[in-house]
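Structural features, examined
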Amino acid sequence: RVHEPPRRLVLDPYVVRSRLGPMPFEAEFEVEFTLRPDGDGCVLAVDQRGFPTDTGADACYAGCVQGWRDTLLGLLRHVS
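A brief report on the enclosed structure follows. Per chain, residues are indexed from 1 in the order of the written sequence. Reporting of local features is limited, given that this is a predicted model, to residues whose pLDDT is at least 70; pairs of side-chain atoms are given and counted only at 80 or more, and all residues count toward the totals for whole chains, interfaces and linings. Water and hydrogen atoms play no part in the side-chain values, which are based on all heavy atoms of the structure.

**A word on the packing of aromatic side chains**
Each pair of aromatic rings taken from Phe, Tyr and Trp, with Trp reduced to its six-membered ring, is defined by centres within 6.5 Å and is described as stacked if the planes are under 30 degrees apart, edge-to-face if over 60, and tilted in the remaining cases. Under the counting rule described, the total for this entry stands at three aromatic pairs. Measuring from ring centre to ring centre gives 4.8 Å for Phe29 and Phe51, while their planes differ by 70°; the resulting arrangement is edge-to-face. Of this pair, Phe29 sits in strand S3 (residues 29–38) while Phe51 sits in the loop between strand S4 (41–49) and helix H1 (58–79), and the two are 22 residues apart along the sequence. We classify Phe51 as buried; its relative accessible area is 18%. Aromatic side chains Phe51 and Tyr61 sit 5.1 Å apart centroid to centroid with 80° between the ring planes, which places their arrangement in the edge-to-face category. With Phe51 in the loop between S4 and H1 and Tyr61 in helix H1, this residue pair connects regions lying 10 residues apart in the sequence. Following the ring pairs from residue to residue traces out a cluster consisting of Phe29, Phe51 and Tyr61. For helices the rule is a DSSP run of H or I covering at least 4 residues; for strands it is a run of E covering at least 2, with both sets numbered from the N terminus onward. Only protein chains enter the accessibility calculation, which uses a 1.4 Å probe; a residue is then buried when its area is under 20% of its type maximum, exposed when over 50%, and partly exposed in between.

Listed below in structure tokens is the structure:
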């Protein structure tokens, strides 16, 4: 884990859970959050790493992309 306030946070290991049960593949995920100044505000970047390169994780990857999109849009609505 890396914690460099207020610019960077890395979560490792990062556990992804499925409503359908165990993941059909093995993975060691890591998620990095970084903030960079942008005018009067900042930009938040989220980088989730560790997905297997074969097609077995494609559905999980797509679900994670949608999950982060929904989560960050909800956060934006909350702070706006």
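**Considering the pattern of salt bridges**
Should a side-chain nitrogen of Lys or Arg be within 4 Å of a carboxyl oxygen of Asp or Glu, the pair is scored as a salt bridge. Tallying each qualifying case throughout the model produces five salt bridges. Here Arg49 ties to Glu32 by a salt bridge, and the two come within 3.0 Å at their closest N and O atoms. Here Arg49, found in strand S4, pairs with Glu32, found in strand S3; they are 17 residues apart in sequence, far enough to count as distant. Accessibility expressed as a relative area gives 28% for Arg49, which makes it partly exposed. On the accessibility criterion, Glu32 (14% relative accessible area) is buried. A salt bridge links Arg49 to Asp47, with the nearest nitrogen and oxygen atoms 2.4 Å apart. Asp47 sits in the partly exposed class, given a relative accessible area of 35%.

**What to know about the side chain of Glu32**
Polar contacts involving the side chain of Glu32 include one to the side chain of Arg49, which spans 3.0 Å. Contact between two residues is taken to exist if any of their heavy atoms lie within 4.5 Å; hydrogens are not considered. Once residues within four sequence positions are removed from consideration, Glu32 is found in contact with Arg8, Leu9, Val10, Ala45, Val46, Asp47 and Arg49. Definition of a polar contact: a pair of N or O atoms within 3.5 Å, with one able to donate and the other able to accept a hydrogen when the atoms are protein atoms, and with sequence-neighbouring residues admitted only if both atoms are side-chain atoms.

**Some points on a nonpolar patch on the surface**
Nonpolar side chains (Val, Leu, Ile, Met, Phe, Trp, Tyr) are joined into patches within 5 Å and like charges within 9 Å, using only residues with over 30% relative accessible area and no salt bridge. Surface accessibility follows the Shrake-Rupley procedure with a 1.4 Å probe radius. Residue values consider only the protein chains on display as shielding. There is a patch of nonpolar side chains on the surface, built from Leu35, Leu44, Leu72, Leu73, Leu75, Leu76 and Val79 and spanning about 580 Å² of accessible area. Broken down by element, the residue count for the nonpolar patch peaks at five residues, all from H1. Looking at Leu44, the relative accessible area reads 38%, which means it is partly exposed.

**Description of the sheet that holds strand S2 (residues 8–14)**
What makes two strands pair is DSSP finding at least two bridges between them. Read across the sheet, four strands follow the order S1-S2-S3-S4 without closing on themselves; strand pairing throughout is antiparallel. With one partner strand each, in any of the chains shown, strand S1 (2–4) and S4 form the two edges of the open sheet. The sheet shows a mean angle of 15° between the axes of neighbouring strands, direction not considered. Here S2 pairs with S3 via five bridges, running antiparallel. Pairing of Val10 across the sheet is with Glu32, part of S3. Comment: axis = line fitted to C-alpha atoms, over the contacting stretch for helices; angle = value between 0 and 180 degrees taken between N-to-C directions. The strands touched by H1 within the sheet are S2, S3 and S4, with S4 carrying the most contacts at an inclination of about 160°.

Don't take any of this as a statement about function, it's just geometry.
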